[in-house]
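Topology and contacts: notes
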Amino acid sequence: MMLRFLAALAGACLLFVAGASAQSKTELLWYSQAAFKITTPGGKVIMIDPWIMGATKIPPELKDLGKIGKVDLVLVTHGHGDHLGDSMEIAKTNNVPMWAPAGLNQWLATLGLMPPNLVPRMNKGGTIEPFPGVKITMTHAEHSSEMILKDPATGKDTSYPAGEPVGFIIQLENGFKIYHMGDTGLFGDMKFIGEYYKPDLVLIPIGGHFVMSPQDAAFAVREWLKPKYAIPMHYGTIPQLKGTPKEFTDALGSTSTKVIVMNPGDKIDF
């Protein structure tokens with residue numbers, strides 16, 4: 001009887017350890033462009049730049065906001081349509097905050113397009129702790145930010161300033177750090193970001209024209225950021241974004257950084 005009890009106890013312990021191990025993982029789903037869904041080790045879901053319904057490269061089965069499931073937080077790097085995307089609808093449906101450049105969120109509240117409590121303000125250098133063990137810091141990005149919205153009074157498309165573009169450092173419950181760079185060109189403080197925040201994973205634009213080229217991105221990763229992993233993004237969706245993952249890896253050469261090339265709709269665990 002005692003042997004059976006000990007065997008059962010050992011089995012229960014193994015199940016507990018296996019469960020704890022599974023919970024310690026970070027799941028990343030790439031929709032396309034700069035849109036990611038992060039499921040943290042604690043089970044929180046963070047959507048970043050969720051351009052989904054209007055995107056051209058997303059698998060058809062994912063072009064349904066109802067299939068996203070629960071969302072706990074939305075992050076938006078700037079106001080361009082392929083980044084602001086479906087963020088407002090997702091935030092309102094889930095009644096969760098959408099963190100974005102302060103100027104962007106201010107306009108959405110002022111225009112009455114978002115309830116003020118769902119568009120809190122923060123700025124570059126600011127850090128929030130939305131969940132226990134999770135810290136999100138807003139960083140610089142070298143780009144532009146404006147948004148085309150329907151004017152509530154006239155019904156016409158109108159261009160609005162949308163604050164300054166940003167990136168995000170996302171530190172998860174287990175200490176794993178993701179740097180979503182947003183849309184950006186090279187800037188010297190990438191070196192500071194690499195040395196100070198030490199990101200484990202960098203989500204890096206490589207398309208060129210509006211963002212870094214593959215060669216620029218490779219320089220940033222090799223010389224300044226030096227992460228464990230890099231996932232190329234923001235390429236191949238429009239003719240101007242000509243950069244390819246192969247060009248990026250070729251330019252990167254031999255480094256300690258592991259490049260992970262995803263296809264739209266792919267998931268990966270860390």
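Given the structure is predicted, the values throughout are model-derived calculations rather than measurements. (Residues numbered from 1 in each chain as written. Predicted model: local features only at pLDDT ≥ 70, side-chain atom pairs only at ≥ 80, totals over all residues. Heavy atoms only, no water.)

**Observations regarding the pairing of strand β8 (residues 134–140)**
Among the 7 residues that make up β8, 5 are buried, leaving the element largely enclosed by the rest of the structure. Sheet analysis places strand β7 (residues 127–131) next to β8, joined by 3 bridges and oriented antiparallel. By the bridge assignment, Ile-128 is partnered in β8 with Ile-136. Counted between consecutive antiparallel strands, the loop separating β7 from β8 contains 2 residues, among which Gly-133 sits at a positive phi close to 85 degrees. (Buried < 20%, exposed > 50% of the residue type's maximum accessible area, 1.4 Å probe, protein only. Helix = DSSP H or I, 4+ residues; strand = E, 2+ residues; numbered from the N terminus. Pairing = 2+ DSSP bridges.)

**What to know about the confidence of the model for the chain**
For the chain, the average pLDDT comes to 92, and 91% of its residues sit at 70 or higher. Long-range and interchain partners of residues 1–22, a stretch whose pLDDT sits below 50, account for 0 contacts in this model, where long-range means more than four residues apart. (pLDDT = per-residue confidence, 0-100. Contact = heavy atoms within 4.5 Å.)

**A few points about the sheet that holds strand β13 (residues 201–205)**
Spatially, 7 strands are ordered β7-β8-β11-β12-β13-β14-β15 in an open sheet, and the strand pairing comes out mixed. Taken across any chain shown, the strands that pair with only one partner, and hence form the sheet edges, are β7 and β15 (258–259). The pairing of β8 with strand β11 (residues 166–171) spans 6 bridges and is classified as antiparallel. Considered in β11, the bridge of His-140 is made with Val-166. Helix α6 (residues 214–225) contacts β12 (177–180), β13 and β14 (229–233) of the sheet and is inclined by roughly 150 degrees relative to β13. (Axes fitted to C-alpha atoms, helices over the stretch in contact; angles between N-to-C directions.)

**Things to note about the pairing of strand β5 (residues 98–101)**
Pairing geometry for strand β4 (residues 73–75) and β5, over 2 bridges, is parallel. Among the inter-strand pairings, Leu-75 is bridged to a residue of β5, identified as Trp-99. As paired strands, β5 and strand β6 (residues 121–122) are joined by 2 bridges and run parallel to one another. Across the sheet, Ala-100 pairs through a bridge with Arg-121, a residue of β6. After leaving β5, the chain enters helix α4 (residues 102–110) and then returns to the sheet as β6, a path that is right-handed. (Right-handed = clockwise from strand over helix to strand, strands pointing away.)

**Let's talk about helix α5 (residues 190–197)**
For α5, the full list of buried residues reads Met-190, Ile-193, Gly-194 and Tyr-197. Projected onto a plane normal to the axis of α5, the buried residues spread over an arc of 105 degrees and lie on a single side. The positive-phi residue at the C-terminal boundary of α5 is Lys-198, with phi of around 50 degrees. (Arc of directions from axis to C-beta.)

**So, the packing of aromatic side chains**
Counted by the stated rule, this structure contains 9 aromatic pairs. Site record: aromatic cluster; members linked through ring pairs are Trp-30, Phe-36 and Tyr-235. (Phe/Tyr/Trp six-rings, centres within 6.5 Å; stacked < 30°, edge-to-face > 60°.)

**Description of unusual backbone geometry**
For His-209, which is not glycine, the phi torsion reads 70 degrees and is therefore positive. Mapped onto the elements of the fold, His-209 is located in the loop between β13 and α6. Unusually for a residue other than glycine, Lys-226 sits at a positive phi of about 50 degrees. Locating Lys-226 in the fold gives a position in the loop between α6 and β14. Given the relative accessible area of 59%, Lys-226 is considered exposed.

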